[in-house]
Each structure stands twice: as C-alpha cells, then as structure tokens.
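Chain and residue survey
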Amino acid sequence: CTLLGAGRGREMEYFQQLEDNDGVRWTWHTFPPKPGKDKGASNGAMFMPDMVVPLACVITPLKSRTPTPTITGVPNKCKQCGAVSNSFCRLDFSGRCWTCPFCRTRNDLNCQPDSITPDFQQGVSTVEYVLPRAATPPPVFIYIIDVATSPGELEGEKDALLQSLTRLPPDSLVGLITLGQHVTVWETGTEGSRSIVFTGDPKTNTYTQDKVREYLGVKRGKTGQGVEGKILIPASEAEIAIQSIMEDLQPDPWAIPQRTRAQRATGASLEVAVAIAELLAGHDGKVTHHGRIMLFLSGPCTRGPGRVVSLSEEETLRSHSDIKDGQAPHMAKATEFGKDIAVRLRDIGFALDLFMISLDQVGLLEVSEAVVYTGGYILSSDTFHSPVFKNSIQKMFERLPDRGTNNMFFDVVLEVQTSSETKIAGCIGPCKSLGKVNPCVSSKVEVGEAGTCAWSTSVMDQNTSFAVVFDAEEEGSGPSTGNRLVQFITSFVDCNGVKRLRVTTACQQIAKSSHKTVMNAVYAFDQLTAATVIGRMAAKYMEQSGNTLSPVLRWVDRLLIKFVQKFATYNVGDADSLQLAQQYSLFPQFMYHLRRSEFLQVFNSSVDETVFFRSCLYRETVPQCVVMLQPSLMAYDYGVADPSPVLLDSKSIKFDNILLCDTYFDIIIHHGRTIAEWRDMKYQDQPEYAAFNQQLEAPHRDMARVLETRFPVPKITICDQYGSQARYLLYKLNPSDTNSNNVGQEIQVWEWRVSRNKR
C-alpha cells in the first residue's frame, strides 16, 4: 500500500494524550449511526459491523492521572438511569435541578451557583469520589508454598516470599500454607508456630468451609474469630514468624519412585485457602476482607481434587491436539473444580495468583478462570531463581507515588452507561459479568462478557485495562447527528481500606455517514486501539471455538478485505493504484502479525503457554498489546546517534549493526558478526572508539527504560549473529533469506517444512 499524508507522529501523540487524560482510547473518534442490519451481528456470530472495525474502547479505569479532581462525599446520581453527574449535565439554578444527559431526567440539585463541585465544571471529564463509609479491614495475603520440589527451588520460593513480605502494607493480614503430598496450615500467631495437616486424600470428597472450620478449631461467631491472630497475623509481625518457619522448612520427605511424578495436592490446598478466606466473613456471611491467594507451583496437581495428570510419567499432560481429540481424561473434572474455586473467590473478593516454574506444564488451563477472571497474576519462568521471577515479584508489590499505597485495588466493579444511540455489546478483559441489564445493553450483539452493563474483578492495578465493545443503533432509534456520551463508573477499595468511586465521562461526535470522504477525517481512526480490540476479539473467539483456527482466520481475513474495500482508493485491475489514507495504513500490517501470533497459532505452544499469552493480551494497555501483536525491532548502526525502526525481516540483520527486539514476553539484543568480533577484541575500551562504545551501550539503556514499566518482567536474551541463542530473534522475523531462495549466498535463516499430519 502507498502511504498517504504525513504527521503520523502528531496523530499518535493526540491519541496518547487522550489516554493520559482519562485512560480511554477509542477505535473510532467519530462513528456513524448504524445504517441497517449488519450481517453477522446476531448472537453467537463473529461481530463485524458496517464500519468493519466496531466502535470500541480500551479503558484503563485507574490509570495514574495527575491531578484528578477529588470529592469527599456521595455522588449525585440520576434517579432514572443511575448515571453520575458530569460536565455535560444541564444546570437549572432557578429550579434547583440538573438534567441527566443520558436519559433527560431532571434531578434535584444540592449546591449553590457559587459552590459548583468539580463534577459539573466544564472540561472536567474524570472525577474521583472518596465515599463516606467505615474503612474496610486491611487486605489479606495467603501464601501457598510448594514443597514437592527440589531443595534449590524451595530456597527460591523462600526468598521470594520473604522479599514480598517486606513490601506488604504493615497492617495487612498474612497466612502461610505449604503444599506437597499433604497440605499444612501454619498457625503463625501461636508460639512455636503449630501446624495443622490436611491429608489431601483422593478419597476425601472436598474440604468444605465447615470441614476446614472444624479442623482448625474455629467457632461460628464474630468476624474472623479464631482465624485472625491465629492463622492470619499482621505483616509487621508475620515476617519474624514466617522467617522462623522458612529456616526449618524442608522439601517433601516422601520418596518419589522412578518414572513417577511427585504427589502434589494442589486442589486441596486451594480449597483450604479459600475456606480460610471465607471464614473471615461475618456470621451473616457479609464480605468484610479482600485479598490475594498466591500459589507458588513447580509441577502439576497429581493428587486429590483438581488432578490434571496421573502419577505415572508414561501419561503426558494434555496438549492442544489431545484436547481436540478428546484424549484429556482429567480435564473436564479439573476444569469444573477450577470454576467452582473461581466462583467462591469472586464471592469473597479474593484473587488467585499463580507463580509457576516448570519445564513441563502445571495445569494452568484448568484453573485459568480462577486466576484470569479474578484479576490474578500469572508468572511463568524456568526457575524461581531467575531474574524474570525475582524482578516481577518486586514490581508486583511496588508502591504508587501518587497514592502512597501498593499498586493493587480490591473489590472492583466497572459499570458503563451510554446515551440512547449506543448499545453495549460486551467486555473483554480480566472480569466477569454481574448480570446487570438496563436499556444500554444490546440484545442483538454479544462480544466477550455480554448481556450486562456491569462487570467485576477481585483485584486490579493501575495498568489493568478492559476492552468495551459497542453497537450503534439504527437510524431513527436515536439522533443521527450530535454527540455520543459514554460514562464509566468504577468503584474500588484501595490498600488503605478506603472505598472510592472514579467516574469518567467521554463524548464523541456522531458522524453524518460512513462514507470514506467523511471517515477519512484526521484523527478519526486509532489504528493501535483497533488492532488491540480485534486481537482480543480474535483470541476470545479462539477460546469459544475450542482453539479451532480456520474459522477465526477466515473472520480476520474477511475483516481485512472488507476494511480495504471500504477505506482504500484503487482502480479495478491495477494493484499498484491501491492507496490507504494515513490513519488506516498500519492496520493491515497489524492483522498480518495477528494471524501468525501465538494468540491464534497454538502450534509450538503448550496449553499453559497459550493461556498465559492470552491473559496478558486481555489485561494490558494499548501500547503493550501492540508490542505483543507486532514486536518492535530497532537497529543501532555504527556512527549513527539515534536508533531507527526496521522491518521484522531477516534482511534487517547486518554484520555491523545491533538489533533490539521487544516482543513483550522477551527482549533480545542481537549483535552482528562484525560488532561481536570488535566487542570481543575490546575496541570499546579504547578512547578512539568511543562511538563504538556508545553503540554497544545504547540498546541496554533503551532496554532499561522498557523494564521500568513492564510487568511481568520479560526474559532478556543477549546473543550474537550465528550464535545458538540467535534463534530467539530469527523466530520472530520474516525469513526472506533462506536456504531455499538464496542458494550459494550468505544465509540468515535455515528453514524446513513441518507437517502437522499425524502418522
């Protein structure tokens, strides 16, 4: 395609500024009313509106925003639709009322003209309320440590646990459970740290709340009676008690016969941990505490509820082909167990974090709903001693300078309100539907968590984002010109136990038509957000289709063809005449990389890896998601001050350059052959080669800037051309120079054809 126009940098800056202001990025910043019925817009079909890319936004509800107007008190809410007062309301001081811009209902006004609160002030789109209510008890952190592992890895678990303890809020409650063939709950609040052992016996049905209460000796009564101070103690006191336990903690003593796996009662440990969290509720069952259950795991569950594989190593863990062929005998029961745990966690406002290290799988798919849709984190590494794991743990518990608390918020509810010409099709993110229905909800289109205007998640951070997809109403059911209003209402509890409400109200102009002459207006289309939304929709469709690739690829191809047909200019029969306007020119490129990404192409990825990749795509912001879809590749040339972006192609590899490749999950610094030889001869240490030294240091400085904001911390690979680890870069590049098309010349990539047919 020929790129038209200039100033893409200004366009990206404009969209980034909008995101910095309110944490919202739109696929379309002006969108027409629906001209009629859309093919494929019915329930269960893959959604593709007349504009091809749907009207959608990626919202980061709690994005750091300075300054954010703050009001102490209860917000003004419309008595008809529940929308919160905002700068688009009409004020009538003589009648002492305000008119809701969403449903036109008049509501009582409780302020004077000289004391207008920030929510009514023009130009204020985001307001945060501090709600006047009793502070919520401090958060709870329950650690589950896997002792069915090697002594070295157990030491890594201990270090990570003790490291994180120092970063918790001092008044937060901390508990410790160890996991092996049996499950051990430690009474850290008693002298000598007495322990209670649960056998994890496969014959035992489940560890219900009543059973756990009986075993722990906890009586029914007031909130937390017998749990707080006995099993859960303040972090300020827990460090010494847990450190004492860690000093004596040894790997599981049970012998492991040859060609068998360690006995690991993962499911039983989760049941016990969730039951302890449930015991914090009052006698009436009202939830009072929120928190996280952090599971350190070094292998699959082989014992008790949630088992994903047998003890014999002759049975392998399920692969994608096994699942498709119905050869995963433990999957259905284990998945049902994971869903039950997820429901219990959401009911009490807890999240499950999974920190896994293994060269094999650990059964992430079966508990994915309990992790992903409660807002939990997934960290995956080869060892607990790796920098990836250690640095990620540090970033997980970092403190926010603008709030002075840890970067985690609990009991989060996101509610969306729209004006009459816009309907909510669904949401894709680390959340679950609350089943709240109002006139804003579309009855024709369903995408992701649909059929509701409100979603919940147990825990989130400042960078957690949600993709909300909308469906424009047909002409006649709403105004054909004017403005479209959308309001995002997010309630949450911070680490200090303060209940807050953040309200963001967005307004965009409704386009008069969908013709390209209207939609080619500057800044109408955000390609990065569109790629993110389509990527999430495609990944969600893959999940719903049982990872059947062909229908999803056909949907992506059909979408791209319709997109080019609608917005490109061309002469029929002349391929060289095809032209896309500047704001559309990158979108086909993103779709190309989406087709070959690990979010759709599950070949060469384990089941657990696929779940991990998609969970990151569902929760990250637009810039990070774009890097996942299309890795960035920067070239550092000798004697050139600034790096330059280059194509993801093997032709970008040169003897005298350094490449920095960021795939989000990995960062690779690749030295050309000549650069590697000069470096090994220590040219960079000689004053006359200062420029070469700068060339060597520049990619490391840029990588350090990326690491400051990236979570989980990516794996770092530093390699040389033709070295063994250069394969990590070549895997991401288009193989232009191969043994099949450059015979007799310098070959960058050796390739061979892989047959997927079973023999």
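Note on numbering: residues in each chain are counted from 1, in written sequence order. With pLDDT at 70 or above as the cut-off, local features in this predicted model cover only qualifying residues; side-chain atom pairs require 80 or more to be listed or tallied, and sums for whole chains, interfaces and linings still use all residues. Values shown for side chains rest on all heavy atoms present in the structure; no hydrogens or waters enter the calculation.

Examining the sheet that holds strand 31 (residues 715-720)
We count it as follows: DSSP bridges decide pairing: two strands pair if at least two such bridges lie between them. A run of H or I in DSSP counts as a helix once it spans at least four residues, and a run of E counts as a strand once it spans at least two, with each numbered from the N terminus.
Read from one edge to the other, the open sheet built from five strands follows the order 28-27-29-30-31, with strand pairing classed as mixed. Of all strands in the sheet, those bounded by a partner on one side alone are strand 28 (644-645) and strand 31. Alignment of strand 29 (residues 657-662) against strand 30 (residues 666-671), held across five bridges, turns out to be antiparallel. When the bridges of strand 30 are listed, Cys661 appears paired with Ile668.

Re the packing of helix 12 (residues 549-567) against helix 13 (residues 587-595)
What counts, and what does not: To obtain an axis, a line is fitted to C-alpha atoms, over the contacting stretch when the element is a helix, and the angle between two such axes runs from 0 to 180 degrees between their N-to-C directions. The labels follow the angle: roughly parallel below 35 degrees, roughly antiparallel above 145, roughly perpendicular from 65 to 115, and oblique for the rest. Contact definition: two residues touch when any of their heavy atoms are within 4.5 Å.
At a closest axis distance of 11 Å, the pairing of helix 12 and helix 13 adopts a crossing angle of 170°. Put simply, helix 12 runs roughly antiparallel to helix 13. Two secondary-structure elements touch here, helix 12 through Leu553, Val556, Asp557, Leu559, Leu560 and Phe563 and helix 13 through Phe587, Pro588, Met591, Leu594 and Arg595.

Looking at the pattern of salt bridges
Condition: The working definition used for a salt bridge is a side-chain nitrogen of Lys or Arg within 4 Å of a carboxyl oxygen of Asp or Glu. The cut-offs for exposure are 20% and 50% of the maximum accessible area for each residue type, with area from a 1.4 Å probe on protein chains only; residues under the lower value are buried, those over the upper are exposed, and the others partly exposed.
Overall, the coordinates contain 30 salt bridges when judged by the stated rule. Here Arg502 ties to Glu128 by a salt bridge, and the two come within 3.0 Å at their closest N and O atoms. Of the two residues, Arg502 is situated in strand 24 (residues 499-510) and Glu128 in strand 9 (residues 126-130); the sequence distance between them amounts to 374 residues. The same class applies to Arg502 and to Glu128, which are both buried. Among the salt bridges present, the one from Arg318 reaches Glu366, with a minimum N-O distance of 2.8 Å.

Side note on the sheet that holds strand 6 (residues 90-92)
The sheet built from three strands is open, its strands ordered 6-7-8 with antiparallel pairing. Single-partner strands in this sheet number two, and they are strand 6 and strand 8 (106-108). For this sheet, the mean angle separating the axes of adjacent strands, direction not counted, is 25°.

Overview of the packing of helix 11 (residues 527-544) against helix 12
Spelled out, the test is: Here a crossing is called left-handed whenever its near helix is offset anticlockwise from the far helix by less than a right angle, and right-handed whenever the offset is clockwise.
Contact geometry for helix 11 and helix 12: axes closest at 9 Å, N-to-C directions at 155°. With respect to their mutual orientation, helix 11 and helix 12 come out roughly antiparallel. The handedness of the crossing between helix 11 and helix 12 is right-handed. Seen from helix 11, the contacting residues are Ile534, Met537, Ala538, Tyr541 and Met542; seen from helix 12, they are Leu549, Val552, Trp555, Val556 and Leu559.

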